[in-house]
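# Structural characterization, general
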Amino acid sequence: SDGGFHLSGTVTEPATATEPEMTYKVAISFDRCKITSVTCGCGNKDIFYCAHVVALSLYRIRKPDQVKLRLPISETLFQMNRDQLQKFVQYLITAHHTEVLPTAQKLADEILSSNSEINQVHGAPDPTAGASIDDENCWHLDEEQVREQVKLFLSQGGYYGSGKQLNSMFAKVREMLRMRDSNGARMLTLITEQFMADPRLSLWRQQGTGITEKCRQLWDELGALWVCVVLNPHCKLEEKSCWLRQLRKWGEMDVCPLEDGNYGNELPNITNALTQSSGHSQDSLARPRRTVFTRAIEGCDLHWQDSHLQRIISSDFYVSPSYQREGESLLFNSQGQPLWLEHVPTACARVDALRSHGYPREALRLTVAIINTLRLQQQRQLEIYKHQKKELLQRGATTITNLEGWVGHPLNPIGCLFLTLTEACRLEEENCLEISDTGDSKPPVYQHVPVATGSQDSGESYLSLALEVALMGMGQQRVMPEGLYAQDKVCRNEEQIIARLQDLELDPVLVQTLRKQCILLLEGGPFSGLGEVIHRESVPMHTFAKYLFSALLPHDADLAYKLALRAMRLPVLETTAPSGDVTHPHHLVSVVPSRYPRWFTLGHLESQQCELASTMLTAAKGDMLRLRTVLEAIQKNIHSSSLIFKLAQDAFKIATPADSNSDTTLLNVALELGLQVMRMTLSTLNWRRREMVRWLVTCATEVGVRALVSILQSWYSLFTPTEATSIVAATVMSHNTILRLSLDYPQREELASCARTLALQCAMKDPQNCALSALTLCEKDHIAFETAYQIVIDAASTGMTYTQLFTIARYMEHRGYPLRAFKLASLAMTHLNLAYNQDTHPAINDVLWACALSHSLGKNELAAIIPLVVKSVHCATVLSDILRRCTMTAPGLAGIPGRRNSGKLMSTDKAPLRQLLDATISAYINTTHSRLTHISPRHYGEFIEFLSKARETFLLAQDGHIQFAQFIDNLKQIYKGKKKLMLLVRERFG
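As named in an unreviewed UniProt entry, the protein chain is Zinc finger SWIM-type containing 5, taken from Bubo bubo.

Another point: the packing of helix α37 (residues 859–872) against helix α39 (residues 913–933). Between α37 and α39, the shortest axis-to-axis distance is 9 Å and the interhelical angle comes to 15°. The pairing of α37 with α39 is recorded here as roughly parallel in orientation. Crossing angle aside, the handedness with which α37 passes α39 is left-handed. The residues of α39 that touch α37, namely those facing Leu862, Ile866, Pro867 and Val870, are Leu913, Gln915, Leu916 and Ala919.

Every buried residue of helix α42 (residues 979–989) is listed here: Leu981, Met982, Val985 and Phe989. Down the axis of α42, the buried set is contained in an arc of 95°. They therefore lie on one face. Within α42, the exposed residues directed more than 90 degrees away from the buried face are Lys979, Lys980 and Glu987. Against α39, α40 (940–954) and α41 (960–974) lie the buried residues of α42. After α42 finishes, the residue glycine 990 shows a positive phi value of roughly 80°.

Glancing now at the pattern of salt bridges. A side chain with one charge can pair with a side chain of the opposite charge if their charged atoms come near. Per the stated rule, a full pass over the model turns up 47 salt bridges. In this structure, glutamate 110 engages lysine 106 in a salt bridge whose closest nitrogen and oxygen atoms are separated by 3.8 Å. Of this pair, glutamate 110 and lysine 106 both sit in helix α4 (residues 97–112), 4 residues apart, which is roughly one turn of that helix. With a shortest N-O distance of 2.4 Å, arginine 820 and glutamate 786 are connected by a salt bridge. Pair noted here: arginine 820 is in helix α35 (residues 818–830) and glutamate 786 is in helix α33 (residues 782–796), with a separation of 34 residues, a long-range link. Residues joined by salt bridges that share partners form a network here, namely Arg174, Glu221, Asp352, Arg355 and Glu423.

All chains considered together, the criterion is met by 16 aromatic pairs. A ring pair is formed by phenylalanine 954 and phenylalanine 964, whose centres lie 5.3 Å apart and whose planes are at 65°; its orientation type is edge-to-face. Here phenylalanine 964 lies in helix α41 and phenylalanine 954 lies in helix α40, a separation of 10 residues in the sequence. The class for phenylalanine 954 is buried, based on a relative accessible area of 0%.

A separate point is the nonpolar core. In this structure, Ile191, Phe195, Phe293, Leu617 and Phe719 are the most contacted members of the largest nonpolar core, which totals 250 residues. Considering each element in turn, this core owes the most residues, 10 residues, to helix α18 (residues 462–474). Discounting chain neighbours no more than four positions away, the residues touching isoleucine 191 are Val146, Val150, Met169, Phe170, Val173 and Leu222. Ranked by size, the runner-up nonpolar core spans 10 residues in total, among them Met480, Val490, Val539 and Leu605.

Notably, asparagine 412 is not glycine yet its phi reads approximately 45°, a positive angle. Judged by its relative accessible area of 26%, asparagine 412 is partly exposed. Despite not being glycine, serine 742 has its phi angle at roughly 35°, a positive value. On the secondary structure map, serine 742 appears in the loop between α30 (735–741) and α31 (745–765).

Sizing a probe to match a water molecule and rolling it over the atoms shows the empty space that remains. Here the largest pocket defines a volume of roughly 2100 Å³. Forming the boundary of the largest pocket are 41 residues, of which Ile73, Leu77, Phe88, Val89 and Leu92 lie nearest the centre. Listing elements by their share of the lining of the largest pocket, those giving two or more residues are β1 (6–13), β2 (22–31), α2 (73–78), α3 (82–95) and α4. Taken together, the residues of the lining of the largest pocket break down into 22 nonpolar, 15 polar and 4 charged. Of the voids in this model, the second largest pocket is the one considered here, and its volume is about 1500 Å³. In terms of lining residues, the second largest pocket is bounded by 44 residues, among which Arg174, Glu221, Asn412, Leu419 and Arg500 are the most central. For the lining of the second largest pocket, the secondary-structure elements that each account for two or more residues are α6 (162–178), α9 (213–230), α15 (344–356), α16 (360–395), α17 (413–423) and α19 (484–501). Looking at side-chain class alone, the lining of the second largest pocket contains 16 nonpolar, 14 polar and 14 charged residues.

The rules behind each value
Residues numbered from 1 in each chain as written. Predicted model: local features only at pLDDT ≥ 70, side-chain atom pairs only at ≥ 80, totals over all residues. Heavy atoms only, no water. Axes fitted to C-alpha atoms, helices over the stretch in contact; angles between N-to-C directions. Helix = DSSP H or I, 4+ residues; strand = E, 2+ residues; numbered from the N terminus. Parallel < 35°, antiparallel > 145°, perpendicular 65-115°, else oblique. Left-handed = near helix turned anticlockwise from the far one by under 90°. Contact = heavy atoms within 4.5 Å. Buried < 20%, exposed > 50% of the residue type's maximum accessible area, 1.4 Å probe, protein only. Arc of directions from axis to C-beta. Salt bridge = Lys/Arg side-chain N within 4 Å of Asp/Glu carboxyl O. Phe/Tyr/Trp six-rings, centres within 6.5 Å; stacked < 30°, edge-to-face > 60°. Core = buried A, V, L, I, M, F, W, Y, C linked by side-chain atoms within 4.5 Å. 1 Å grid on protein atoms, 1.4 Å probe; cavity = no way out; pocket = protein on both sides within 12 Å on 5 of 7 lines; lining within 4 Å. Points joined across faces, edges and corners; volume = space filled by probe spheres on them. Nonpolar A, V, L, I, M, F, W, Y, C, P; charged D, E, K, R; others polar.

Rendered as structure tokens:
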């Protein structure tokens, strides 16, 4: 039923598969078309109304005649007599006795007491009657619920989609403002209070760490919403002063986040660095602390009373009288259209406030005035620049005229103007709220809406203005702000604006706007980031230029390339930077000792520069002249080898599509970039170097045989000797390469000859690492092979290790040069030294192999190597192993032609084995004494076995058993203190 100001009813929720049918009692109070309070039996707590409240409200709106209308209850009671009233009250109490009995008894006591408060007032309240006409009225807002929800979402720290939830609460505030619902500011206050109470703030501040990225964006939105609230064109003064008090209170709290990111600890203020010597205290120089609320606090000083501003926003036909159009005016341009000369971000904040508070027409009118002002400033700066051009070009640097960048600005001025204009052009399709099949919302569809103006028809549309202002803002030359957060925001904001621009279908009207603005940006002086000269710390234009290039290319290729090539620069990375002066103090970069200021996003910016280059390379495929200019721009402006390598790989991919022929123009560019990378990384360490070298050979192979010959001939400027032999020449000479290029005999020979020349040069330069590869590469050419062998022999005495020499020696044996192998093995032996305890040394196998080789060649070779072995090897077990092997078979079994072989086993009594036997016995004796100086009982068993092995060797000598017995006696005498061990020795050896 509807009591005029109170609606009550029951709502039935039908049964579902899992839940039975439920009925809920709902009561709603309302006043002047606004719901002021609700209760529902479902007990659902949320900042939005439950489904049952919505259902009852809709039922009342759609079927007003179905709802029984009743008088306010006070009127009904007035018509009852004494008995009826008594009956009514008793029945009411009986129906709800548990809930109302205590209240009924309390009220009865108060009414019967003559001096109670209730009896001081005439009449009684009636909840079903409305408020009086001058009472404040506002929509019902469950404040406790708002607090609880914000607290919960913040505690989840951006997880579980809580960031989304908070953003939807902000959107709710914007919606309330647009409906001019006074709860908007109230809800924002509640949200802010919870944000300020977030326990993480003090934690972040103590640790000096930055607020997390997600959280920062929420704080930014909070700050921007407050600017919107305080700029409400129709708010009362007392409201504003109340907000100002609150904002100041929050801003003064030490945990309040700062506007430019962290708690001010990212960078010392550069001006401080200058004046430490002079007597100032540092703090007096620091810039005033700006919190996320500072802009809103400043916004409280703005008002809407200016008569020019009032006329701009209240009429489309406000123009200057035609007789005033001569000469300069601050209020109108030469066509008589009004200008608004306020600080741009502030003026845009007004637009945002008008839009947000439900004044879309007014917002549009102010936007047009701002754009006309920007155009005029652009024209004036262009004229000033023309006069100074010569001098600026000579200096090669420029001042920055815009001390505050509009892209990445806390108030997002460009985004705000763009949105205001495009919203006026949106084609509201019937189903624009539907989501497409993929689950993405469809891009908006726009149409041209002519600009409403009082002067002659300008033929302009709000859509073309939107494009123009976005291009103007993005192309504005501005200094990179300080601090990671502010720099990151510049990139993010840029990407957001470009994403919006990409939703625009470029028809002839918009293409004309695009071309005109691009030409202005190219000709522009200091105000344009695409002008001929820019300041060293200017925010780079790569991302923006990539959009412009792709958008312009189908319509005006020359302009597209001119613009993208101009944007390729990144002056902050040039070592010698001309000192363009910057007129605000905290950018006196010359005082900072590092080579360039702290650009935290430099990595991202360089990759954007690389993306721009890649986009141009792709577009220029097949056009040699264009490719040349792009290549020159890359070589001049990109300083990172890994990025140039990425570009080379990109170009290679595009040049060699799987389904069609290669494009030679682009392949050559890929090769040239690859060669540049090789030169850049030749002397610096780069973990991707091997990959780069392999890739370059692949690329050169695709280009053809001339490219391969060229890299082989100029290897020393591109590769290390090891890379040149083991990767480059080896790959070029591989079977796969020959097949891939389907070469004829003369071409194959030319390549092989180049590879051999390279091999010999590398072997001379670095014999240690290249000798083996060089020999392998020269195998098929006798003269080259001999030369390589000679290089190895020359280097063997000085620069090579025994491992390298043994490896080459084994290779020689394998190739059928056993005598050369013997010579190299002998040289290797002179570099080796094996101590008594190195019985697991990796070179043991090489020594055994060398002795086996010598033995197989014959007695003379064995006689030559044994003195070397005795000199180098002091390990008894190794020596006895060699000795055993030499006595098992007769020497000279290799069967060298022209040599006679006696076929007799060799005796250990005669040279050369006698020398080896003596050395082995003395090695056993020395090792025994060394082991006994510090032996522990657990090694006794092992030691006895060692002595048994020694005995076997002793017994090879003629008087070996006598020698061994003397040796044992000697031990018993010297080490008699080790009683237990000597007992074991006696047991085994007597």
